[in-house]
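A look at the structure
Each chain is listed here by its residues.
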Amino acid sequence: DDWLALKPQEPSPSQCCGSGCKPCIYDVFEKELAQWERAKAKQDKSLLMEKKEQSSNSELNPETFTAFNISSVEQLTEDTYQYRFELPGNSSLCLSLGQHIVLRGVVNGLEVQRAYTPISPGDAEGYFEVLIKHGELLMLASGTGLAPMLPIIQSITRDEEDETFVTLVGCFQTFDNIYLKPLLQDLARYWNVRIFYILSQETSLEKLPWSYQENTYTGRLNEDLVKTVVNSCRRKPFVLICGSSAFNEDMSRYLKAAGIEENSCFVF
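No experiment lies behind these values; they were computed from the predicted model shown.

What counts and how
- Residues numbered from 1 in each chain as written.
- Predicted model: local features only at pLDDT ≥ 70, side-chain atom pairs only at ≥ 80, totals over all residues.
- Heavy atoms only, no water.
- Salt bridge = Lys/Arg side-chain N within 4 Å of Asp/Glu carboxyl O.
- Helix = DSSP H or I, 4+ residues; strand = E, 2+ residues; numbered from the N terminus.
- Buried < 20%, exposed > 50% of the residue type's maximum accessible area, 1.4 Å probe, protein only.
- Core = buried A, V, L, I, M, F, W, Y, C linked by side-chain atoms within 4.5 Å.
- Contact = heavy atoms within 4.5 Å.
- UniProt positions renumbered as here; feature names shortened; annotations may be inferred.
- Pairing = 2+ DSSP bridges.
- Axes fitted to C-alpha atoms, helices over the stretch in contact; angles between N-to-C directions.
- Patch = residues over 30% accessible without salt bridge, like charges linked within 9 Å, V, L, I, M, F, W, Y side chains within 5 Å.
- Areas by Shrake-Rupley, 256 points an atom, 1.4 Å probe, with all protein chains shown as cover.
- Lys, Arg positive; Asp, Glu negative; His and termini not counted.
- Charge placed at Lys NZ, Arg CZ, Asp CG, Glu CD.
- Parallel < 35°, antiparallel > 145°, perpendicular 65-115°, else oblique.
- Left-handed = near helix turned anticlockwise from the far one by under 90°.
- Nonpolar A, V, L, I, M, F, W, Y, C, P; charged D, E, K, R; others polar.
- Expected span 1.5 Å × (residues − 1).
- Arc of directions from axis to C-beta.

Side note on the pattern of salt bridges
- Overall, the coordinates contain three salt bridges when judged by the stated rule.
- The salt bridge partner of Arg84 is Glu129, with a shortest N-O separation of 2.8 Å. In this pair, Arg84 sits in strand E2 (residues 80–86) while Glu129 sits in strand E5 (residues 127–133), placing the two residues 45 residues apart along the sequence.
- The class for Arg84 is partly exposed, based on a relative accessible area of 29%.

If you want it as structure tokens, here you go:
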């Protein structure tokens with residue numbers, strides 16, 4: 001069981017940017033899996049800690065990822081940020097004109113990689129900079145109000161360059177009343193999509209499949225829960241609302257209490 005817990009997890013298709021990166025996240029997985037298999041065969045967990053020696057001039061290694069510290073983050077527009085990464089000493093990336101790098105990190109519990117072209121000069125010493133755009137959408141849907149939300153989420157997940165974060169809160173009476181469960185579960189596998197379920201007529205989560213229990217609440221979507229969801233977003237989101245007239249009015253009131261202005265909301 002200990003060895004199974006240490007086994008690398010195969011990436012899902014949504015974690016790959018599809019840009020032909022080298023190494024691709026799947027290449028990294030294959031190497032880590034081979035390393036795990038060697039360590040398991042010898043029953044030596046220390047082998048899992050092996051790291052390749054980095055070159056003395058600190059240039060990037062095209063065969064592996066290298067860790068760099070973020071020294072600053074500057075917000076340039078409402079949803080665009082400039083990240084500066086530290087390089088050891090006076091080293092530089094030594095990239096050719098137009099060449100990109102691949103950044104890897106963990107978002108919503110998923111390991112994600114994306115390709116970026118640095119905006120800093122190619123010969124910049126001691127640092128490099130990239131621009132990252134972070135849009136944020138919060139969707140509040142009741143029952144069939146889910147319908148207009150799905151095409152929007154799908155258009156985001158199908159666009160490899162769209163890095164908008166989406167939080168969907170779906171309100172239903174019972175677990176059996178949740179529409180399109182397979183599609184919703186598939187969308188929730190994307191690194192930039194979170195889905196929560198609010199079940200007004202369920203009294204316990206114990207009988208729900210384990211994959212739903214962590215992101216499901218019983219009762220109604222009230223003001224406190226809306227504030228919790230809004231505060232869990234990375235930045236103030238633009239909110240889409242769709243449900244009955246009473247639901248739409250309640251959500252608009254709760255959002256105002258959570259600090260979301262009227263011009264940051266759209267009601268279907």
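On we go from here.
Structural notes on the nonpolar core
- With 23 residues, the main nonpolar core has Met139, Leu168 and Leu184 as its most contacted residues.
- When contributions to this core are tallied by element, the ones reaching two or more residues are strand E6 (136–142), helix H3 (149–158), strand E7 (165–172), helix H4 (181–187), strand E8 (193–199) and strand E10 (238–242).
- When neighbours within four sequence positions are excluded, Leu184 is seen to be in contact with Leu146, Leu150, Leu168, Ile178, Tyr179, Ile195 and Tyr197.
- Judged by nonpolar contacts, the second largest core, of 19 residues, contains Phe196, Val226, Ile241 and Met251.

Notes on the UniProt feature "binding site: FAD" (unreviewed entry) in the protein
- Mapped onto this numbering, the UniProt entry annotates "binding site: FAD" (unreviewed entry) at Arg114, Tyr116, Leu131 and Lys133. A maximum C-alpha distance of 11.9 Å among these annotated residues, which run over 20 residues, shows that they cluster at one spot.
- As for its placement among the helices and strands, Tyr116 is situated in strand E4 (residues 110–116).
- Setting aside residues up to four positions removed in sequence, Tyr116 forms contacts with His100, Ile101, Leu103, Val130, Leu131, Ile132 and Glu163.
- When you line up the elements, Lys133 lands in strand E5.
- By relative accessible area, which is 52% here, Lys133 ends up exposed.
- The contacts of Lys133, once residues within four sequence positions are left out, are Asp79, Thr80 and Glu163.

Focus on the sheet that holds strand E11 (residues 265–267)
- A sheet is described by the order of its strands in space; here six strands give the open sequence E9-E8-E7-E6-E10-E11, paired in parallel fashion. The open sheet has two edge strands with one neighbour each: strand E9 (216–218) and E11. Sheet twist, expressed as the mean angle between neighbouring strand axes with direction ignored, is 15 degrees.
- By the bridge criterion, seven bridges tie E7 to E8 in an arrangement that is parallel.

Things to note about the environment of Asn69
- Checked against the element boundaries, Asn69 lands in the loop between helix H2 (25–42) and strand E1 (70–75).
- In the structure, Asn69 is positioned 18 residues away from Leu87 in sequence and 8.0 Å away in space, judged by C-alpha atoms.
- For Asn69, the residues in contact, after removing those within four places along its chain, are Arg84, Phe85 and Glu86.

What about a negative patch on the surface?
- On the surface, a cluster of negative charge is contributed by Glu10, Asp27, Glu30 and Glu37.
- You can see Asp27 is positioned in helix H2.

Re a nonpolar patch on the surface
- Taken together, the side chains of Leu76, Ile119 and Leu131 define a hydrophobic patch exposed on the protein surface, amounting to about 240 Å² of accessible area.
- Assignment of secondary structure puts Ile119 in the loop between E4 and E5.
- With relative accessibility at 41%, the residue Ile119 sits in the partly exposed group.

Notes on the packing of helix H6 (residues 223–232) against helix H7 (residues 245–257)
- Closest axis-to-axis distance for the H6/H7 pair is 9 Å, and the angle between their directions is 60 degrees. The orientation of H6 with respect to H7, classified from their angle, is oblique. Crossing geometry of H6 relative to H7 is assigned as right-handed. Contacts between H6 and H7 involve Glu223, Val226, Lys227 and Val230 from the former and Met251, Tyr254, Leu255 and Ala257 from the latter.
- Split into classes, the residues belonging to the contact of H6 with H7 amount to six nonpolar, no polar and two charged.

Thoughts on H2
- Taking 1.5 Å of rise per residue, the 18 residues of H2 would be expected to cover 26 Å, and the 26 Å separating its terminal C-alpha atoms lies within 8% of that figure.
- By the burial criterion, the buried members of H2 are Ile25, Val28, Phe29, Leu33, Gln35, Trp36 and Ala39. One side of H2 holds all its buried residues, which, seen down the axis, span an arc of 165 degrees. When the buried face of H2 is taken as reference, the exposed residues oriented beyond 90 degrees from it are Ala41 and Lys42.
- Immediately downstream of H2, the backbone of Gln43 shows phi near 50 degrees, a positive value.

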